[in-house]
Amino acid sequence: MNDMVGRHCLDSHLHLQDPRLAAIRNDVLARAAAAGVARMFCNATAEADWAEVLGLASISAAVIPFVGIHPWHAGTASAGWEKRLTMILETSRCGIGEIGLDRKCPVAMERQEEIFSRQLQLATRLKRPLSLHCLGCWGRLREILEHQAKIAALPPTMIHSFSGSSEIMQRLVRLGCWLSFSAGLTDPKRERLRRVFVATPLHRILLETDAPDQLPFALKTAATPPLNEPANILALYREAAELRQIDLENFIHRIWNNGEIYADSLLPR
Ligand SMILES: [Zn+2]
C-alpha cells in the first residue's frame, strides 16, 4: 500500500460507525490515511447512528458525514424524525444518506417510499448531496427521480454500489446522477456490471468500499479478515483503471475531482 502515499484517494461510500469496526476503528482510520485515502463519505443508516457519524466527522477532517434513514431501517423511524433530521442538516455541514428503496427489505414498499421521498424533498430544498441505495427497484427509483427533476433541480445525487443495467445507467446519467461502483467490479463473473462500468461517462463515476461490507474479490482469501475497510479501495481503483484502460494515477485524480463536484457544498473552503 506504500505506493499510495502522497496520493489523494476518495472512498465515496462507507460506514465507519458500524459496530463491527468499533474495536479496530482507530487502526482502520490510520491504515486509510497511510494508504492515501484522504476523503471518506461516511453514511448513517438509522436515527441511532446519526450522532456517531457526526462525531467521527468532528474528529477527522477526512470523514464527510451523511445522515439519513436506510430503507432497511425505515420501520424504526420514530415520530419527529424528519424534524430532527432537518435540524441536523440546518446546523451541520452534512449530506443525506444512506437512503433509498430495496425490494428485498421486509419493510413495506409504501413506508420505504414515504421515508425516501421525504428525505429527497429535504435534500432538494436544502441542496444537499444524496447517497442512494437501490436494490431491485430501478424502475421505481428512476420514476421518482425523473418526476422530482421536473418539479425542481435535483440535488447532487449518487447511486451507491450501482448494479443496474446499461439503460438505467444512461437514464440516471441524463438526470445528472453520479454512479458509485463497489467491489462487484473486481469479480470477473460480474460481466454485465463491468460492461456498464466501462460504458459510464468518466465524469459520472465514483468508487467506494461500502466498508465494512463488500470485501474486494482479490482480497477474499482465508488469510484476510472478513471485514472490508477504506484502505482496501486501492484494489478497486487498480481493477477499475485497468478496465477503463486509464493510468492509475490519472484515474484516482479524476475520481477525486468527481467527488469534489458532487460533495462541493460539504467541503471546507
Ligand atoms: Zn452502504
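Residues numbered from 1 in each chain as written. Predicted model: local features only at pLDDT ≥ 70, side-chain atom pairs only at ≥ 80, totals over all residues. Heavy atoms only, no water.

### Topic: the coordination of the zinc ion
Note the threshold: Any N, O or S atom lying within 2.8 Å of the metal counts as a donor, with the limit raised to 3.2 Å for Na, K and Ca; because water is left out of the atom set, some sites can appear incomplete. Four donors are marked tetrahedral only if all angles between them lie between 85 and 135 degrees, whereas four are marked square planar and six octahedral if opposite donors are more than 155 degrees apart and the other angles lie between 65 and 115; the remainder are marked irregular. By definition, any uninterrupted DSSP run of H or I lasting at least four residues is a helix, any uninterrupted run of E lasting at least two residues is a strand, and each is numbered from the N terminus. Throughout, exposure labels follow a simple rule: accessible area from a 1.4 Å probe, protein chains only, divided by the maximum for the residue type, with under 20% read as buried, over 50% as exposed, and the rest as partly exposed.
Taken together, the protein ligands of the zinc ion are His13 (NE2), His15 (NE2), Glu98 (OE) and Asp210 (OD), with distances of 2.1 to 2.4 Å. Seen from the zinc ion, its 4 donor atoms lie at angles of 82 to 178 degrees, and the figure they make is irregular. Written as a sequence motif, the donor arrangement for the zinc ion is H-x1-H-x82-E-x111-D. Here glutamate 98 lies in strand β4 (residues 95–102) and histidine 13 lies in strand β1 (residues 9–14), a separation of 85 residues in the sequence. The residues histidine 13 and glutamate 98 share a single accessibility class, namely buried.

### As for the environment of proline 230
The condition is simple: Any two residues having at least one pair of non-hydrogen atoms within 4.5 Å are treated as being in contact.
Counting through the fold element by element, proline 230 comes out in the loop between β8 (205–207) and α8 (233–244). For the pair proline 230 and histidine 8, spaced 222 residues apart in sequence, the C-alpha to C-alpha distance is 13 Å. The contacts of proline 230, once residues within four sequence positions are left out, are Asp11, Leu14, Leu16, Val28, Ala32, Val37, Met40, Thr209 and Ala211.

### Focus on unusual backbone geometry
Glycine aside, the phi torsion of most residues is negative, and most peptide linkages are trans. For the bond from glycine 97 to glutamate 98, the omega torsion is -5 degrees, close enough to zero to count as cis. One non-glycine residue with positive phi stands out, namely lysine 127, at about 55 degrees. One can find lysine 127 in the loop between α4 (109–126) and β5 (130–135). The backbone of aspartate 210 shows a phi angle near 60 degrees, a positive value even though the residue is not glycine. With respect to the element layout, aspartate 210 can be found in the loop between β8 and α8. With a relative accessible area of 8%, aspartate 210 lands in the buried category.

### Overview of the nonpolar core
Basically, it comes down to this: Think of a nonpolar core as a cluster: buried Ala, Val, Leu, Ile, Met, Phe, Trp, Tyr and Cys residues, connected wherever their side-chain atoms sit within 4.5 Å.
Phe162, Tyr237 and Phe251 are the most contacted members of the largest nonpolar core, which totals 88 residues. Setting aside residues no more than four positions away along its own chain, phenylalanine 162 makes contact with Trp138, Ile168, Met169, Leu172, Leu179, Ser180, Phe181, Leu193 and Val196.

Function cannot be inferred from these measures alone, as they are strictly geometric.
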